[in-house]
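Residues per chain, in single letters:
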Amino acid sequence: MERQDIRLLSREALEQALTGDLAQPRFRARQVWHWIWEKQATDFEAMQNLPAALRSQLAERFAFRPLSIETEQHSEDGTVKVRFQLHDGPLIEGVLIPTPERLTACVSAQVGCSLSCSFCATGFLPLKRNLTPPEITDQVVLLNRIAEKRHGKPLSNIVFMGMGEPLLNYKNVLAGIERLTAEDGLHISAKRITVSTAGIAKMIRRLGQDKVRFNLALSLHHTTDEARSRIMPINESNSLDALVDALNDFYAETGGRITFEYILFDGLNESLADAERLVQLCRRVPGARVNIIEYNPIEQADFKKSEADRREAFIAHLEENRVTAKVRRSRGKDIDAACGQLANKG
Ligand code: SF4
């Protein structure tokens with residue numbers, strides 16, 4: 001019989017396994033939980049305060065299936081792209097992005113993606129499967145180790161903007177974030193975590209109902225349904241009006257921060273009329289702010305990034321209309337680690 005990954009057990013299930021079949025007192029379950037989630041042990045032998053006999057019993061019944069680092073690429077701007085291998089073979093990618101103020105980990109939620117946004121390299125990879133909660137937390141743990149080693153300090157922020165659509169792996173992403181934020185987990189503040197979605201209205205509303213405490217980003221990139229549907233097919237079933245309604249519900253339930261991510265493409269979405277429509281959209285979503293993202297060309301598609309003067313004019317229009325806009329310079333371009341470039345290359 002295949003041994004179960006112990007990190008897939010809930011706290012209650014772990015307690016049941018220890019106090020039931022293994023006939024252990026309840027505090028042993030607490031000790032094992034502590035090793036798994038606070039100490040990030042990936043080996044029963046490391047659990048030194050457990051009796052040797054119990055360590056072997058656990059190893060007979062359960063396994064650890066951690067991610068391993070397949071390759072690590074370093075950009076000249078300090079960005080590190082890590083390709084992780086899952087226990088059953090597939091590869092996913094995560095990125096450590098250092099800036100003077102932050103050390104951000106960008107992590108993946110799925111192997112591949114089913115949404116086929118036409119500007120995104122991951123969208124050209126078929127969806128193979130969802131990541132499990134420990135596969136999500138492992139990316140953070142391993143990127144955090146790299147941050148500590150290279151910068152002498154831990155991660156400050158986590159963004160779910162790597163491979164896949166987080167809201168299509170809803171349960172596991174939320175369970176992973178619960179482990180990242182729990183006091184008996186990695187204890188990272190939810191305010192420093194952002195989940196980015198291509199826009200699935202029903203699931204955005206569900207985040208509100210579940211009263212999540214993390215921030216939400218919507219990959220917008222266009223301000224009319226017709227144009228957005230052309231580059232993001234998910235828009236055909238999730239119109240801008242539906243998304244705005246869902247974001248309002250999310251905000252009413254959580255008060256969480258909402259950011260529109262907007263990649264400026266040459267000749268596509270960079271006019272002042274586009275900027276004005278973006279201002280109008282922001283007015284319809286409480287507290288909404290905008291991140292302007294520099295586009296990174298990919299082999300599979302023909303988009304180009306905006307010229308600097310158009311970008312400046314676009315941002316100036318947002319600012320004149322009191323929309324908070326930040327420009328996210330592209331990072332790690334030389335190693336295909338920038339937004340939309342993750343495709344297991346390199
Ligand atoms: S942008 Fe996000 S949702 Fe769209 S294809 Fe890429 S990974 Fe999938």
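Conventions and cut-offs
- Residues numbered from 1 in each chain as written.
- Predicted model: local features only at pLDDT ≥ 70, side-chain atom pairs only at ≥ 80, totals over all residues.
- Heavy atoms only, no water.
- Domains from an automatic or database assignment.
- Contact = heavy atoms within 4.5 Å.
- Buried area = accessible area lost by both parts, 1.4 Å probe.
- Salt bridge = Lys/Arg side-chain N within 4 Å of Asp/Glu carboxyl O.
- Buried < 20%, exposed > 50% of the residue type's maximum accessible area, 1.4 Å probe, protein only.
- Helix = DSSP H or I, 4+ residues; strand = E, 2+ residues; numbered from the N terminus.
- Pairing = 2+ DSSP bridges.

Enquirer: Mind laying out the domain arrangement of the protein chain, listing which residues take part and the relevant values?
Expert: Its domain assignment divides the protein chain into domain 1 (4–63) and domain 2 (68–335). Placing a centre on the C-alpha atoms of domain 1 and another on those of domain 2 gives a separation of 35 Å. The partner domain 2 presents 12 residues to the eight residues of domain 1 that form the contact. A combined buried area of about 840 Å² lies between domain 1 and domain 2, and 56% of that area is made up of carbon and sulfur atoms. On the domain 1 side of the interface with domain 2, the three residues burying the most area are Arg7, Trp37 and Gln40, jointly 59% of the side's total.

Enquirer: Talk me through the pattern of salt bridges; I want residue IDs and the actual numbers.
Expert: Scanning the model with the defined rule gives 23 salt bridges in all. Glutamate 178 is the partner of arginine 179 in a salt bridge, and the nearest nitrogen-oxygen pair spans 3.1 Å. Accessibility expressed as a relative area gives 8% for arginine 179, which makes it buried. Among the charged side chains, a network of salt bridges with common partners joins Arg11, Glu178, Arg179 and Asp184.

Enquirer: I'd love a proper account of the pairing of strand β12 (residues 258–264), names of residues and values included.
Expert: In terms of burial, β12 is a largely internal element, seven of the seven residues being buried. Because side chains alternate across β12, one face comprises the buried residues Ile258, Phe260, Tyr262 and Leu264, and the other comprises Thr259, Glu261 and Ile263, equally buried. Note: strand β11 (residues 215–219) against β12, four bridges, orientation parallel. Counterpart to serine 219 in the pairing with β12 is glutamate 261. In the sheet, β12 pairs with strand β13 (residues 289–294) via six bridges, with the strands oriented parallel.

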